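Each chain is listed here by its residues.
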Amino acid sequence: MTNHETIKTPDSPRHSKDRGTKSSNNDQMTIPDIQNAYARYAKWIDRLGWLNRLLTGRFRRRQFSEATGRVLDVACGAGTNFQYVPESTEIVGIDISEPLLERARSELETLERDGTVTQMDAQDLEFEDDSFDTVISSFSTCTFPDRVAALREMARVCRPDGQILLLEHGRSDNDLIARYQEWRADAHYEKSGCRVTQEPLSVVRRAGLSVDEAETAQLGRITRIVCDPVLDETNE
Ligand SMILES: C[S@@+](CC[C@H](N)C(=O)[O-])C[C@H]1O[C@@H](n2cnc3c(N)ncnc32)[C@H](O)[C@@H]1O
């Protein structure tokens, strides 16, 4: 990606499978803001990667071990998902943060996996329609400036008979935790660009993706979603 200052709005269809969007829903954080936030976060990943795997590893394994064929990991970060994707697949990772991509490249090497990782905006993927058998993404929609555009891009590049596998975090079902999340939400967003109180299923439905399977864990904080890449234009 060459121009980080320009974000294509979802209302400017460019790809043949674009079907317009139902909501642009941009927040105030821009792509450069997010890159700055994750440049700071990258230093912590090296120290706390083990904790991340401890807390989320079993959810990642359950969700991504079903990936097949050519797999796109959207917003792959440091490549944490790569070890949970079957060895028979080819991994393509994209992210907006170069420091995290460096770690993702090392992860591919460590795992001795074939694959590529490239800097790219999830909201404007530089792939042809129907390029992947499986599209995966974890803990990412909370951060995309335009979540609907990114999800619709995932649908566009996934083969119609493929799957979109998402693992997301969001508002807890537990009142006490949800209130704490609400209290921290603005400060957390300003620091990291992450919407800690988002409702992943409603975002996915707003994008027009059909949900085949959904399951929550950790008092509703983690949601596993399996989507059909064929957009359902009747969804709200
Ligand atoms: C919370 S991290 C999750 C990283 C990784 N998927 C994981 O599970 O560890 C969110 C990621 O989204 C990436 N990101 C945010 N906006 C993006 C965009 N528009 N395009 C591509 N990546 C983006 C960030 O750089 C960051 O790596």
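Because the structure is predicted, anything quoted here is derived from the model rather than measured. (Residues numbered from 1 in each chain as written. Predicted model: local features only at pLDDT ≥ 70, side-chain atom pairs only at ≥ 80, totals over all residues.)

Novice: How would you sum up the overall build of the chain? Please name residues and give values.
Specialist: If you tally the helices and strands in the chain, you get five helices and seven strands. Mapped in sequence order, the helices and strands of the chain form the string α-β-β-α-β-β-α-β-α-α-β-β. Across the 236 residues that make up the chain, the buried fraction comes to 42%. For the chain, the share of sequence-separated contacts (at least 6 apart) that also reach a separation of at least 24 residues comes to 68%. (Helix = DSSP H or I, 4+ residues; strand = E, 2+ residues; numbered from the N terminus. Buried ≥ 20, exposed ≤ 12 C-beta atoms within 10 Å, placed from the backbone. Contact = placed C-beta atoms within 7 Å.)

Novice: Outline the site of the ligand, listing residues and values.
Specialist: What surrounds the ligand is a group of 19 residues, the closest being Ala 75, Gly 77, Ser 97, Ala 122 and Ser 138. Class assignment of the residues belonging to the shell around the ligand gives a composition of ten nonpolar, seven polar and two charged. (Near = placed C-beta within 6 Å. Nonpolar A, V, L, I, M, F, W, Y, C, P; charged D, E, K, R; others polar.)

Novice: Requested: an account of the pairing of strand β7 (residues 222–228), with residues and values cited.
Specialist: When you tally the buried positions in β7, you get five out of seven residues, the bulk of the element. Two strands pair when backbone bridges link them, and strand β5 (residues 158–169) and β7 are joined in this way by six bridges, in the antiparallel orientation. Residue Leu 166 lies in a different strand from β7, and its bridge partner there is Ile 225. Across seven bridges, the pairing between strand β6 (residues 210–217) and β7 is antiparallel. (Pairing = 2+ DSSP bridges.)

Novice: How would you summarise the pairing of strand β2 (residues 90–95) if you had to cite specific residues and measurements?
Specialist: Within β2, five of the six residues are buried, which leaves the element mostly enclosed by the surrounding structure. Direction of pairing for strand β1 (residues 70–74) relative to β2: parallel, over a ladder of five bridges. What sits directly across from Val 71, in β2, is Ile 91. The pairing of β2 with strand β3 (residues 115–119) spans five bridges and is parallel. If you follow Val 92 over to β3, its bridge partner there is Thr 116. Each parallel crossover has a hand, and for β2 linked through helix α2 (residues 98–111) to β3 it is right-handed. (Right-handed = clockwise from strand over helix to strand, strands pointing away.)

Novice: Which residues make up the environment of Ala 207, and what are the values?
Specialist: Positionally, Ala 207 belongs in the loop between α5 (200–206) and β6. Of the residues examined, Ala 207 has 27 C-beta atoms within 10 Å and is grouped as buried.

Novice: Account for the sheet that holds β1, with residues named and values stated.
Specialist: Sheet architecture is open: seven strands sit in the order β3-β2-β1-β4-β5-β7-β6, paired in mixed fashion. Two strands in the sheet have a free side with no partner beyond their single neighbour: β3 and β6. Across the sheet, the mean angle separating the axes of adjacent strands is 15 degrees when strand polarity is ignored. Helix α1 (residues 31–64) contacts β4 (132–138), β5, β6 and β7 of the sheet and is inclined by roughly 170 degrees relative to β5. In the packing of helix α3 (residues 147–157) onto the sheet, the strands contacted are β1, β4 and β5, and the crossing angle to β5 comes to about 145 degrees. (Axes fitted to C-alpha atoms, helices over the stretch in contact; angles between N-to-C directions.)

Novice: If you had to explain unusual backbone geometry to someone new, which residues and values would you point to?
Specialist: If you check the backbone angles, Glu 112 has positive phi at about 55 degrees while not being a glycine. Judged by C-beta crowding, with 7 C-beta atoms within 10 Å, Glu 112 ranks as exposed. Positioned with a positive phi, Gln 218 is a non-glycine residue whose angle comes to about 50 degrees. By secondary structure assignment, the location of Gln 218 is in the loop between β6 and β7.

Novice: Requested: an account of α3, with residues and values cited.
Specialist: Summarising burial for α3: eleven of the eleven residues are buried, a large majority. Of the surrounding secondary structure, the elements contacted by the buried residues of α3 are β1, β4, β5 and α5.

Novice: How would you sum up the nonpolar core? Please name residues and give values.
Specialist: Judged by nonpolar contacts, the single largest core of 51 residues is most densely connected at Val 71, Val 74, Val 135, Leu 151, Met 154, Ile 164 and Val 204. Considering every element that reaches this core, the biggest residue donor is α3, with seven residues. Apart from the residues within four sequence positions on either side, Ile 164 is in contact with Val 135, Met 154, Ala 155, Cys 158, Leu 209, Cys 227 and Pro 229. (Core = buried A, V, L, I, M, F, W, Y, C linked by C-beta atoms within 7 Å.)

Novice: If you had to explain the environment of Gln 123 to someone new, which residues and values would you point to?
Specialist: Along the polypeptide, Gln 123 turns up in the loop between β3 and β4. Taking the C-beta count within 10 Å as the criterion, Gln 123 has 22 such neighbours and is therefore assigned buried. Each C-alpha atom, one on Gln 123 and one on Met 154, is 8.8 Å from the other, the two residues being 31 residues apart in sequence.

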